[in-house]
Amino acid sequence: MNRPTEPATPFGTPDLLALAETVAREAGALVAEGRRAGVGVSTTKTSPVDVVTALDMASEELIRARLATARPQDGILGEEYGHEAGASGLTWVVDPIDGTVNFLYGLPAYAVSVAVVEGDPTVPGRWTPVAGVVHAPALGRTYLAGRGLGAWCLDERAGTRERLGGDRGVPLSSALVATGFGYRAERRAAQGAVVAALLPRIRDIRRAGAASLDLCAAGAGEVDVYYERGLNPWDLAAGALVVLEAGGVVTGLAGKPAGEAMTLAGPGPLVAELDEILVSLGADSDTRVS
Ligand code: IPD
C-alpha cells in the first residue's frame, strides 16, 4: 500500500476523520461500559475459539446507525454485519471490537477501529484509506490518521498528543516484531512454524491480540515491525493509514498488496528485510515449513 500523496480535499478528509473519531469514541464508551457490566460469548465464527460477544454486535449497530445518518451515500463494511455498497465511492470499514478475545478476558488491548476508504475494500490493492481511528478505551489511547494530514497518538492518561513518524533504523536482528495468529488450527500450526524459524533471527516477538493496535504500534515505534497472515479489511484499514502517515509502508509478501494472504507494516528497510525471510519460509501458506 503506497502512501497517497495527493491532497484529500475532494472528500473533506478532516471532516471524515472527525466523524470517525466521534463514532469510534462513542462505540468505545459503549463497549467499555458493557465490559464493566459483564460480558459473555454470544456465538462463534470460523472456529470454536473465534468468538463474538453481544457487545461486538451492539457496537457495530451503533456505528452503522451514526454513519447512516451522517453519511447516507457511503458504503459500509463491518466485521459482524458485512458489506453494504454505497454511491459515493467511499466505504466505512469497521471493526466494532478488535481484540475480542482480550475483551472477553478483561485484558485492555482491544479497540474500536473505524476507517473510511476510497475504492473497493473487499479486494486487496483496490482501496486506499482516507481517514482512520483506532480507539482503545481501556488503554486510554487513540490513534488517528488522515490522508495527507499525518498520524497521531493521543494518550488520554498522560494528556499527550504525539505526532508519529521517524524510522529509528533498527535492523531486523535487533527488531521487536509483532504478529498474530488466525483462529483455525491448521493455519496456527503453519504460523507457529514460521515464528519458530524467525525467533532466532530477531530481538523478540510480541502477540498483543489486536491487529489494529499492532499496526498502530508499528506506526508509533512501540514495536519495530509487524506481520500477520489472515487480516481482514476491518482489522487493517485504520491502522494501515496510521503506519503510512507515520512514514512507514504497508504491503503484502513480495510486493503483493496487503491483505488476507499477508500484511507487513513498519519502516521500509525493515519490512524489506522481514519480507525476504518470510518469503523464504513460505509464510503466506498454511502448509507447515519443515
Ligand atoms: C483478531 C485480532 C487478532 C488477530 C486476528 C484478528 P478480532 O480480530 O485482531 O489480534 O490475530 O487475526 O482476527 O477477531 O479480535 O476482531
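Residues numbered from 1 in each chain as written. Predicted model: local features only at pLDDT ≥ 70, side-chain atom pairs only at ≥ 80, totals over all residues. Heavy atoms only, no water.

### A look at the site of the ligand
Alright, step 1. Near the ligand there are 15 residues, and of these Asp-98, Gly-99, Thr-100, Ala-211 and Glu-228 occur at the shortest range.
Alright, step 2. Top contributing element to the shell around the ligand by residue count: strand E5 (residues 90-98), with three residues.
Alright, step 3. Looking at the shell around the ligand residue by residue, the class counts come to five nonpolar, four polar and six charged. (Near = heavy atom within 4 Å. Helix = DSSP H or I, 4+ residues; strand = E, 2+ residues; numbered from the N terminus. Nonpolar A, V, L, I, M, F, W, Y, C, P; charged D, E, K, R; others polar.)

### Quick look at unusual backbone geometry
Alright, step 1. Unlike most non-glycine residues, Ala-254 shows phi in positive territory, near 50°.
Alright, step 2. Among the secondary structure elements, Ala-254 is positioned in the loop between strand E14 (249-251) and strand E15 (263-266).

### Some points on the sheet that holds E15
For sheets, the rule is that strands pair by backbone hydrogen bonds, running either parallel or antiparallel.
Alright, step 1. If you trace the five strands from one edge of the open sheet to the other, you get E12-E11-E13-E15-E14, paired in mixed fashion. Looking at the sheet topology across the chains shown, the edges are occupied by strand E12 (204-206) and E14. Neighbour-to-neighbour, the strand axes of the sheet open up by a mean angle of 20°, direction not taken into account.
Alright, step 2. Examined bridge by bridge, strand E13 (residues 225-228) and E15 share three bridges and lie antiparallel to one another. Bridge pairing in E15 links Tyr-226 to Ala-265.
Alright, step 3. Across the face of the sheet, helix H5 (residues 211-220) comes into contact with strand E11 (176-179), E13 and E15 while running at roughly 150° to E13. (Pairing = 2+ DSSP bridges. Axes fitted to C-alpha atoms, helices over the stretch in contact; angles between N-to-C directions. Contact = heavy atoms within 4.5 Å.)

### Topic: the pairing of E5
Alright, step 1. A large share of E5 lies buried, amounting to nine of its nine residues.
Alright, step 2. In this structure, strand E3 (residues 75-78) lies alongside E5, joined through four bridges in parallel fashion. Residue pairing across strands places Leu-77 opposite Val-93, the latter belonging to E5. (Buried < 20%, exposed > 50% of the residue type's maximum accessible area, 1.4 Å probe, protein only.)

### Comments concerning the pairing of E15
The side chains of a regular strand alternate, first on one face of the sheet and then on the other.
Alright, step 1. On E15, burial covers both faces: Thr-263 and Ala-265 on one face and Leu-264 and Gly-266 on the other are all buried.
Alright, step 2. Sheet analysis places E14 next to E15, joined by three bridges and oriented antiparallel. Residue Val-250 lies in a different strand from E15, and its bridge partner there is Ala-265.

### Quick word on a nonpolar patch on the surface
Alright, step 1. Taken together, the side chains of Val-49, Val-101, Tyr-105, Leu-107 and Tyr-183 present a nonpolar region at the surface, about 470 Å² in accessible area.
Alright, step 2. Within the element layout of this structure, Val-49 appears in the loop between strand E1 (41-44) and strand E2 (51-53).
Alright, step 3. Take Val-49: its relative accessible area is 43%, and that puts it in the partly exposed class. (Patch = residues over 30% accessible without salt bridge, like charges linked within 9 Å, V, L, I, M, F, W, Y side chains within 5 Å. Areas by Shrake-Rupley, 256 points an atom, 1.4 Å probe, with all protein chains shown as cover. Salt bridge = Lys/Arg side-chain N within 4 Å of Asp/Glu carboxyl O.)

### Some details on empty space enclosed by the protein
Alright, step 1. On inspection of all chains with the given rule, the structure shows one cavity of 30 Å³ or more.
Alright, step 2. Empty space within the largest cavity amounts to approximately 30 Å³.
Alright, step 3. Lining the largest cavity, in full, are Gln-191, Val-194, Tyr-227, Glu-228, Arg-229, Met-262 and Ala-283.
Alright, step 4. Looking at the lining of the largest cavity, the elements that each hand over two or more residues are helix H4 (185-198) and E13. (1 Å grid on protein atoms, 1.4 Å probe; cavity = no way out; pocket = protein on both sides within 12 Å on 5 of 7 lines; lining within 4 Å. Points joined across faces, edges and corners; volume = space filled by probe spheres on them.)

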